[in-house]
Structures are given as C-alpha cells and as structure tokens.
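Here's the letter readout for the chains.
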Amino acid sequence: MIPTDQIQAQLPFCLEETDFPTLGEKYIGKVRDNYTSGDKRYLISSDRLSAFDRVICTIPFKGQVLTQMAKFWFEQTKDIIGNHVISYPDPQVCVGVQCTPLPIEMVVRGYITGVTSTSAWFNYEKGVRNFCGNVLPEGLKKNQKFDKPILTPSTKAEHGDHDESVSREEILKRTSLTPEQYDFIADASLKLYNRGVEIAAKQGIILVDTKYEFGLTPTGEIVLIDEIHTPDSSRFWFADEYEKRFASGEEQKKIDKEYLREWLAERGFTGDGEIPVIPDEIKVETARRYIEAYELVTGQKFEAEVGDVTERIKKNLGI
Ligand SMILES: Nc1ncnc2c1ncn2[C@@H]1O[C@H](COP(=O)(O)OP(=O)(O)O)[C@@H](O)[C@H]1O
Ligand SMILES: [Mg+2]
C-alpha cells in the first residue's frame with residue numbers, strides 16, 4: 001500500500017478538468033471528461049468525486065484507480081459480452097468505440113441495502129414489496145442476501161436530474177428499447193454480476209451491487225460501455241466480517257465511496273445546498289480507500305503515477 005505522505009503530496013496535482021480541443025467534441029460528465037472524434041471516444045477519468053449527484057471535490061489518484069479497475073474487469077468479462085475498449089494510452093485514459101448508449105442503466109443487487117431513496121433497503125423499509133418488478137418476501141433484514149440477485153433497471157436522467165428505478169414493463173413503455181434488447185442486456189448483466197461475485201470472493205470481497213451501461217456500436221452490436229465494477233459503480237464489503245455483522249445488526253465493513261458520502265451526511269449534506277469544505281486528511285483517507293479497493297479487489301499492487309497528471313496525459317496522447 002502506498003504511503004500516506006505520497007497521497008498527500010499528490011493533492012495539488014489532482015486532475016480537476018481537461019481542455020484538449022484537438023481530441024474532439026467534449027462532453028464533461030460528473031466524473032469523466034469525454035472527447036468524441038469519429039468512431040472513437042476518449043474517456044479521461046478525472047479525479048473528481050461525485051456523491052448525491054454533485055461533484056464534491058478531487059481525490060488523488062482516483063482517476064487512475066477507476067481506469068485501472070475497469071480495465072481489470074473488462075478483461076475478466078470479455079467472454080461474456082464485448083466491451084467498448086480499444087486501448088489505454090495513459091493510466092487514466094481509456095479509448096473506446098463511440099457507441100449510441102442504450103437509454104437505461106442496469107442495476108444488479110445481490111443484497112438488500114442502501115440509504116438513498118433509490119436503494120432497495122430504503123424502499124423495503126417504507127413498505128415496498130414490489131421493487132422494480134421484483135416481489136420481495138416479508139421479514140428481510142438490512143444487508144440480507146437475496147435468494148437470487150435482482151435487476152432494478154433505471155432510466156438515465158438528463159444532466160442534474162435523479163435517475164428513477166423502474167420495472168422491465170416500465171422501461172419498455174418509456175424507452176425505445178425493444179424486449180429483445182432488454183432481455184439481452186438483462187441476461188448479460190446477471191452473468192457479469194455473477195462473474196464479479198466469483199472473482200471478488202476469491203479475494204475475500206463481496207460484490208454487493210453494481211450498475212452497467214450498454215451501447216450500440218456503429219455495426220449494431222450491443223456492448224458494455226462506460227465502466228465496470230469500480231468503487232463508483234459498485235458496493236463492496238469484506239466477506240470475512242459479513243455473517244458476524246449481519247447477525248448482530250451492525251453495519252458492514254465497506255470499501256467503497258460510502259466513506260465520503262457518510263462523512264458528508266454526518267454534516268447534514270445530502271445533495272442540496274452548499275457543499276462542505278473537505279479537509280485534506282479526509283481526501284487522503286478517501287484516496288487510500290480507493291487504492292485499497294483496487295488492490296483488494298484485483299489482487300494487484302497499485303502503481304501510483306505521481307506528479308502532474310495533465311502534462312503526463314498530454315505526453316502519452318501526443319497532444
Ligand atoms: N463507448 C461509449 N460510447 C458512448 N457513450 C459512452 C461510452 N462509454 C461511456 N459513455 C458515456 O460517457 C459518459 C461517461 O462520463 P461520466 O462522468 O460517467 O458522465 P455522466 O455524468 O453522464 O454519468 C456517460 O454519460 C456514459 O454514458
Ligand atoms: Mg456516469
């Protein structure tokens with residue numbers, strides 16, 4: 001694990017935003033800066049951290065962790081479904097095939113958990129027993145494993161709006177997706193999740209839930225786009241403590257971005273109003289957890305690229 005002072009030293013070099021007009025047309029997402037040129041899409045993972053649908057601050061090495069983790073998982077799952085990856089010219093840049101994104105996000109949940117209004121546990125606690133078309137039995141406890149993983153697709157909100165979780169029927173009613181397309185990505189999502197669970201389990205980690213995005217390539221093939229099984233798109237818990245904590249009703253030991261979300265929530269911030277100032281030590285601890293997540297989940301050592309990220313990317317991309 002990287003020493004804390006090395007994370008601290010990277011604080012001034014975080015990649016907040018990019019301005020690379022020669023790469024193509026720019027779309028600034030919450031986390032990635034995207035440039036499209038012809039059939040190619042450059043996905044540059046910034047070091048921005050988003051929570052409650054707001055960009056909160058930058059976290060050292062976050063963009064590199066995210067890109068490298070997604071790279072690991074794209075490799076591990078390419079036999080299940082093709083993905084958009086063409087190449088990685090820099091540790092935090094993925095060049096992908098420019099696709100037409102399908103209008104939904106496929107969320108797969110293995111456990112009933114979460115505190116936000118779109119989460120399974122939040123709804124169950126309020127009395128919901130049919131969650132996005134999944135009939136849930138009485139008597140479930142927080143963080144309990146479902147008999148079988150469930151799908152809770154959500155519509156993709158426009159910039160600034162919140163996503164909405166709905167059923168298959170609603171998706172087909174509200175979007176242009178055909179039943180065949182829906183069933184294809186539903187099946188792929190469950191297989192991807194199961195593969196994730198299997199690989200994470202070997203590392204002593206539980207892949208709790210995750211979301212996938214799919215797109216149509218210029219030749220009409222449906223592929224996995226965006227990212228896969230990263231701490232931004234997934235929850236991870238430590239497997240060795242799961243049973244004990246579940247039995248006693250204690251929270252699970254997490255290795256995901258919940259750390260900063262909880263820090264914010266404790267200060268009364270859940271998305272509205274002014275974002276609290278995040279102290280350096282909280283940013284460093286958040287970075288440490290992202291790196292820990294990478295190392296634990298992939299079983300590989302994180303090779304931190306220290307120094308000016310913008311200059312390095314320019315050099316690696318020859319721009
Ligand atoms: N291969 C691809 N083709 C087209 N769009 C993509 C591809 N991969 C990812 N995307 C889109 O690019 C964006 C990635 O940046 P992100 O920061 O996640 O943005 P957002 O705030 O929209 O979620 C997402 O909107 C995602 O749907
Ligand atoms: Mg996104």
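Overview of the structure. (Residues numbered from 1 in each chain as written. Chains lettered and ligands numbered in written order. Predicted model: local features only at pLDDT ≥ 70, side-chain atom pairs only at ≥ 80, totals over all residues. Heavy atoms only, no water.)

Let us look at the nonpolar core. Nonpolar side chains tend to gather and get buried jointly when the protein is soluble and globular. Formed by 64 residues in total, the largest nonpolar core has its most connected members in Ile56, Met106, Tyr212, Phe214 and Leu264. Among all residues touching Met106, those that are not within four sequence positions of it are Leu151, Pro153, Tyr182, Ile185, Ala186, Ser189, Thr210, Lys211, Tyr212 and Phe214. Phe20, Tyr35, Tyr42 and Leu317 belong to the second-largest nonpolar core, a separate cluster that totals eleven residues. (Core = buried A, V, L, I, M, F, W, Y, C linked by side-chain atoms within 4.5 Å. Buried < 20%, exposed > 50% of the residue type's maximum accessible area, 1.4 Å probe, protein only. Contact = heavy atoms within 4.5 Å.)

Counted under the stated rule, the structure contains 27 salt bridges. When the shortest N-O distance is used, the salt bridge between Glu227 and Arg32 registers 3.3 Å. Of the two residues, Glu227 is situated in the loop between β15 (222-225) and β16 (234-238) and Arg32 in strand β2 (residues 32-37); the sequence distance between them amounts to 195 residues. Ionic pairing is found between Glu169 and Arg168, a salt bridge with its closest N-O pair at 3.6 Å. Using a relative accessible area of 28% as the deciding quantity, one classes Arg168 as partly exposed. Several salt bridges share partner residues, and in doing so they unite Arg32, Lys156, Lys211, Glu213, Asp226 and Glu227 into one network. (Salt bridge = Lys/Arg side-chain N within 4 Å of Asp/Glu carboxyl O. Helix = DSSP H or I, 4+ residues; strand = E, 2+ residues; numbered from the N terminus.)

Relative to each other, helix α7 (residues 258-266) and helix α8 (residues 280-298) sit at 150 degrees, their axes nearing to 9 Å. Between α7 and α8, the interaxial angle falls into the category roughly antiparallel. Here Tyr259, Leu260 and Trp263 of α7 lie close against α8, whose contacting residues are Ile282, Glu285, Thr286 and Arg289. Grouping the constituent residues of the contact of α7 with α8 by class yields four nonpolar, one polar and two charged. (Axes fitted to C-alpha atoms, helices over the stretch in contact; angles between N-to-C directions. Parallel < 35°, antiparallel > 145°, perpendicular 65-115°, else oblique. Nonpolar A, V, L, I, M, F, W, Y, C, P; charged D, E, K, R; others polar.)

Counting through the fold element by element, Gln181 comes out in helix α5 (residues 179-202). Residue classification places Gln181 among the buried positions, given a relative accessible area of 19%. Among residues more than four places away in sequence, those in contact with Gln181 are Leu102, Ser176, Leu216 and Ile222.

Turning to the sheet that holds β2, a few remarks are in order. Read across the open sheet, the five strands follow the order β1-β2-β3-β7-β6; overall the sheet is antiparallel. Of all the strands in the sheet, the pair left with one neighbour each is β1 (25-28) and β6 (85-90). Pairs of neighbouring strands in the sheet enclose a mean axial angle of 20 degrees, with direction left out of account. Helix-sheet contacts for helix α2 (residues 62-77) involve β2, β3 (40-45), β6 and β7 (93-97), and the interaxial angle to β6 is about 145 degrees. Strands β3, β6 and β7 of the sheet are contacted by helix α9 (residues 309-317), whose axis makes an angle of about 120 degrees with β6. (Pairing = 2+ DSSP bridges.)

Positive phi, normally seen in glycine, also occurs at Asp53, with a value near 65 degrees. As for its placement among the helices and strands, Asp53 is situated in the loop between β4 (48-51) and β5 (54-58). A residue is classified by how much of its surface remains accessible, and Asp53, at 35% relative accessible area, is partly exposed.

On to the environment of Gly139. Considering the arrangement of structural elements, one finds Gly139 in the loop between β10 (134-135) and β11 (145-151). Judged by relative accessible area, Gly139 falls into the exposed class, the value being 56%. Considering only alpha carbons, one finds Gly139 and Lys244, 105 residues apart in sequence, at a separation of 19 Å. Dropping the residues within four chain positions of it, Gly139 is found in contact with Tyr124 and Gln144.

As a further point, take the site of ligand 1. Among the 17 residues in the neighbourhood of ligand 1, the closest are listed as Tyr27, Lys30, Arg32, His84 and Glu213. Contacts to ligand 1 include Tyr27, whose side-chain N or O atom sits 2.5 Å from an oxygen atom. Note that an oxygen atom of ligand 1 is positioned 2.8 Å from one of the backbone N or O atoms of Val31. Breaking the shell around ligand 1 down by element, the ones donating at least two residues are β2 and β3. Partitioning the shell around ligand 1 into residue classes produces seven nonpolar, four polar and six charged. (Near = heavy atom within 4 Å. Polar contact = N/O pair within 3.5 Å; in protein donor to acceptor, adjacent residues only side chain to side chain.)

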